[in-house]
Every structure is written in structure tokens, then in C-alpha cells.
Amino acid sequence: MAQKLDDTKLLFRAVIMGPPGSGKGTISERIARGFGLQHLSSGDFLRENIASNTEAGVLAKTYIEKGLLVPDHVMTRLLLPRLEEMTCHSWLLDGFPRTLAQAEALNSSCELDLVISLNIPLETLKERLSHRWIHQASGRVYNMCFNPPRVQGVDDITGEPLIQQDDDKPEALVARLRHYKDVAKPVIDVYKAKGILHTFSDTDTDRIWPYISSLLSAKIPTDIADAQRASTH
Ligand SMILES: Nc1nc2c(ncn2[C@H]2C[C@H](O)[C@@H](COP(=O)(O)OP(=O)(O)OP(=O)(O)O)O2)c(=O)[nH]1
Ligand SMILES: Nc1ncnc2c1ncn2[C@@H]1O[C@H](COP(=O)(O)OP(=O)(O)O)[C@@H](O)[C@H]1O
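Everything numeric here is computed off the predicted structure, so don't read it as measured data.

Draft legend 1. The arrangement of the site of ligand 1 in detail. Near ligand 1 lie 17 residues; those nearest to it are Lys24, Gly25, Thr26, Arg132 and Thr205. The side chain of Lys24 places a nitrogen or oxygen atom 2.8 Å from an oxygen atom of ligand 1. Contact between ligand 1 and Thr205: a nitrogen atom at 2.5 Å from a side-chain N or O atom of the residue. Looking at the shell around ligand 1, the elements that each hand over two or more residues are helix H1 (24-35) and strand E8 (140-143). Grouping the amino acids of the shell around ligand 1 by side-chain chemistry returns 5 nonpolar, 7 polar and 5 charged.

Dropping the structure here:
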């Protein structure tokens with residue numbers, strides 16, 4: 001159940017997991033908008049640290065550039081203090097934890113209420129990621145079929161060109177998705193054993209969303225959602 005901080009404030013903490021391209025970012029935005037949870041994306045947080053040249057950012061960049069996961073101790077040193085600053089907020093973590101060691105570190109720092117796991121067919125992931133283009137500076141994501149930019153090939157906000165990341169190119173995709181599965185399996189098993197795992201399987205985000213939305217409506221007391229929405233607007 002949601003953790004009680006004091007007599008008036010209830011908090012709700014959730015994690016969203018899924019392979020690259022499963023729609024974590026897209027669904028997280030809808031959850032943040034609809035339920036007022038603060039959306040924390042490990043990828044966005046790393047990109048901010050890289051852009052501002054923090055010590056952890058400089059180190060993380062060397063791994064990301066090689067297509068590797070950032071080591072667990074770097075991730076936990078970055079993310080856990082950020083979560084500790086959020087003691088008065090309900091949040092949704094996207095992209096963390098990714099390994100068993102990260103899940104154990106998170107577990108010792110807070111209690112989760114819910115884990116959403118997206119189980120999307122491999123063919124769908126391959127199809128989606130091969131159409132994904134990003135605006136490198138901001139991390140804004142487009143899909144040439146699902147949410148295309150207003151003008152082909154350029155970012156809606158800045159007008160700068162979009163790029164396709166090397167690891168979204170078809171030849172890198174299969175290995176990347178296989179690696180995700182191996183690393184995520186023990187994390188999923190931990191949350192399953194705790195009884196907080198909810199898995200959603202479909203080929204379309206728009207078909208999954210109503211189920212996630214009704215799950216959250218049932219789990220998040222209305223007063224938390226209202227309070228969080230008020231504090232984030
Ligand atoms: N065709 C189609 N594309 C979708 C659907 N849902 C999301 N997309 C697109 C948006 C993106 O271009 C791409 C991946 O979505 P996201 O960036 O939300 O996924 P995720 O955050 O899991 O990926 P990441 O971990 O950042 O690699 O697929 C859908 O239902 N159908
Ligand atoms: N929890 C994490 N543990 C280790 N590395 C991470 C983690 N989250 C993000 N990263 C690194 O940052 C990169 C970008 O992350 P993200 O934006 O979530 O994209 P993707 O899911 O497509 O890999 C990842 O490829 C990985 O190198």
C-alpha cells in the first residue's frame with residue numbers, strides 16, 4: 001500500500017520496465033500527465049548529467065557511447081540521492097532498476113507500490129525502433145509512423161535535424177533486445193515474488209493504455225492523484 005508520510009500526505013511509488021522500444025517513455029508521459037506522478041527517466045537523467053559535464057555524466061558517456069549499460073555503482077550513486085530528494089513526491093521510475101543489483105539498491109532505499117512490465121513482441125519492437133528518430137540535444141523521440149514530426153526529418157521545437165541512433169539500426173537491435181531479456185528476468189522475478197508486478201502484453205500502446213489507466217485509478221487514491229497534480233502544475 002502507498003506509504004504514509006504524515007497524517008495528510010500519501011505517496012505512491014512505481015517503476016515501469018520493458019525492453020527498448022516497448023513504450024516506457026510514451027506510457028510514462030501519459031501516467032505523469034494523468035495521475036500527477038513525477039516521471040524520472042534514467043536515460044534523461046544520464047543525458048542531463050552528460051550535457052552538464054558532471055563527473056558521473058562524463059563517466060557514463062564512455063559506456064553509453066559503446067552501447068553498454070552504465071555500471072550499477074554509477075547508476076545507484078546518481079539515482080538514489082535524486083530519489084531521496086523526492087521524499088514528498090509520488091514518482092514513476094523509467095529505466096531504473098535495470099539489473100538485479102540496482103533493484104536491490106532501490107529496495108533498500110524505498111518501498112515500491114507497483115511495477116508495470118511491458119511485454120511486447122520482438123517483431124513489434126524491431127519494427128518500432130527501426131522507425132525511431134530522435135532530437136539528440138533534447139532526447140525528444142519521434143516515430144515516423146506513430147508520432148511523426150510536423151516536418152519530416154526535423155525537431156518540432158527547435159527545427160534541428162533528427163538522427164537515428166546506431167543502436168536503433170536493425171543490425172544492432174536483436175542483440176540489444178536479447179541482452180535486455182537476460183538482465184531483466186531476475187528483476188522481474190523479484191517483483192513477481194513481492195506481488196507488485198503487473199504485466200501488459202500487446203502490440204499497441206493505445207490498446208495497453210486503458211488497462212494501465214484503470215489499474216492506476218484503482219491503486220492510486222484520488223487524494224494522492226489530486227495533490228500530485230496540483231503540485232506539478
Ligand atoms: N507504431 C507504434 N509505435 C509506438 C507505439 N508506442 C510507442 N511507439 C513508438 C514511439 C517511439 O518511436 C518508439 C519507442 O517508444 P518509447 O520511446 O516510448 O519506448 P521506450 O521508452 O520503452 O524506449 P527506450 O527505452 O527509450 O529505448 O515506438 C505503438 O503503439 N505503435
Ligand atoms: N538503469 C540503467 N543502468 C545502466 N545503464 C543505463 C540505465 N538507464 C539508462 N542507461 C544507459 O543509458 C542509455 C540510454 O538509456 P535510455 O534512454 O533508457 O535508452 P534505451 O532504453 O534505448 O537504452 C542506455 O542505453 C544505457 O547505456
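Draft legend 2. Quick look at the site of ligand 2. Neighbouring residues of ligand 2: 16 residues in total, closest Ser42, Leu68, Gly95, Gln102 and Arg176. One of the side-chain N or O atoms of Arg47 is found 3.1 Å from an oxygen atom in ligand 2. A distance of 2.8 Å separates a nitrogen atom of ligand 2 from a polar atom in the backbone of Gly95. Relative to its free-state accessible area of 530 Å², ligand 2 is covered by the protein chains to the extent of 87%. Broken down by element, the shell around ligand 2 gets its largest block of residues, 4 residues, from helix H2 (residues 42-51). Looking at side-chain class alone, the shell around ligand 2 contains 8 nonpolar, 4 polar and 4 charged residues.

Draft legend 3. Representation of H2 in the model. Taken residue by residue, H2 has Ser42, Phe45, Leu46 and Asn49 as its buried positions. Within H2, the buried residues cover an arc of 100° as seen down the axis, which keeps them to one side. Check the buried side of H2 and you find it contacts strand E4 (38-41), helix H3 (55-65), helix H4 (72-84) and strand E5 (91-94). Phi for Asn53, located one or two positions after H2, is positive at around 60°.

Draft legend 4. Structural view of the pairing of strand E3 (residues 13-17). Counting buried residues in E3 gives 5 out of 5 residues, a clear majority hidden from the surface. Residues Arg13, Val15 and Met17 line one face of E3 and the alternating positions Ala14 and Ile16 line the opposite face, and both faces are buried. Two elements, E3 and strand E6 (residues 114-119), share 4 bridges in a ladder whose sense is parallel. Bridge pairing in E6 places Met17 opposite Ser117.

Draft legend 5. Structural detail: the environment of Trp133. Counting through the fold element by element, Trp133 comes out in strand E7 (residues 132-135). In this structure Trp133 comes out as partly exposed when scored by relative accessible area, which is 29%. The sequence separation of Trp133 and Ile163 amounts to 30 residues, and the corresponding C-alpha distance is 5.5 Å. In this view, Trp133 contacts Arg140, Val141, Tyr142, Met144, Leu162, Ile163 and Gln164; residues no more than four positions away in its chain are not counted.

Draft legend 6. Layout of unusual backbone geometry. The residue after Phe96, namely Pro97, is reached through a cis peptide bond having omega 0°. One can find Pro97 in the loop between E5 and helix H5 (100-109). Phi is positive for Asn53, which is not a glycine, with a value near 60°. Summarising the element assignment, Asn53 is placed in the loop between H2 and H3. Overall, Asn53 belongs to the exposed group, its relative accessible area being 58%.

Draft legend 7. Geometry of H1. Relative to the 16 Å expected for 12 residues at 1.5 Å per residue, H1 spans 16 Å between its end C-alpha atoms, a close match to the ideal helical length. Within the sequence span of H1, burial applies to Lys24, Ile27, Ser28, Arg30, Ile31 and Phe35. Seen along its axis, H1 keeps its buried residues to an arc of 160°; they face one direction. Phi turns positive one or two residues past the end of H1, at Gly36, with a value near 75°.

About the thresholds
Residues numbered from 1 in each chain as written. Chains lettered and ligands numbered in written order. Predicted model: local features only at pLDDT ≥ 70, side-chain atom pairs only at ≥ 80, totals over all residues. Heavy atoms only, no water. Near = heavy atom within 4 Å. Polar contact = N/O pair within 3.5 Å; in protein donor to acceptor, adjacent residues only side chain to side chain. Helix = DSSP H or I, 4+ residues; strand = E, 2+ residues; numbered from the N terminus. Nonpolar A, V, L, I, M, F, W, Y, C, P; charged D, E, K, R; others polar. Areas by Shrake-Rupley, 256 points an atom, 1.4 Å probe, with all protein chains shown as cover. Buried < 20%, exposed > 50% of the residue type's maximum accessible area, 1.4 Å probe, protein only. Arc of directions from axis to C-beta. Contact = heavy atoms within 4.5 Å. Pairing = 2+ DSSP bridges. Expected span 1.5 Å × (residues − 1).

Scope: geometric values only; no functional claims are made or implied.
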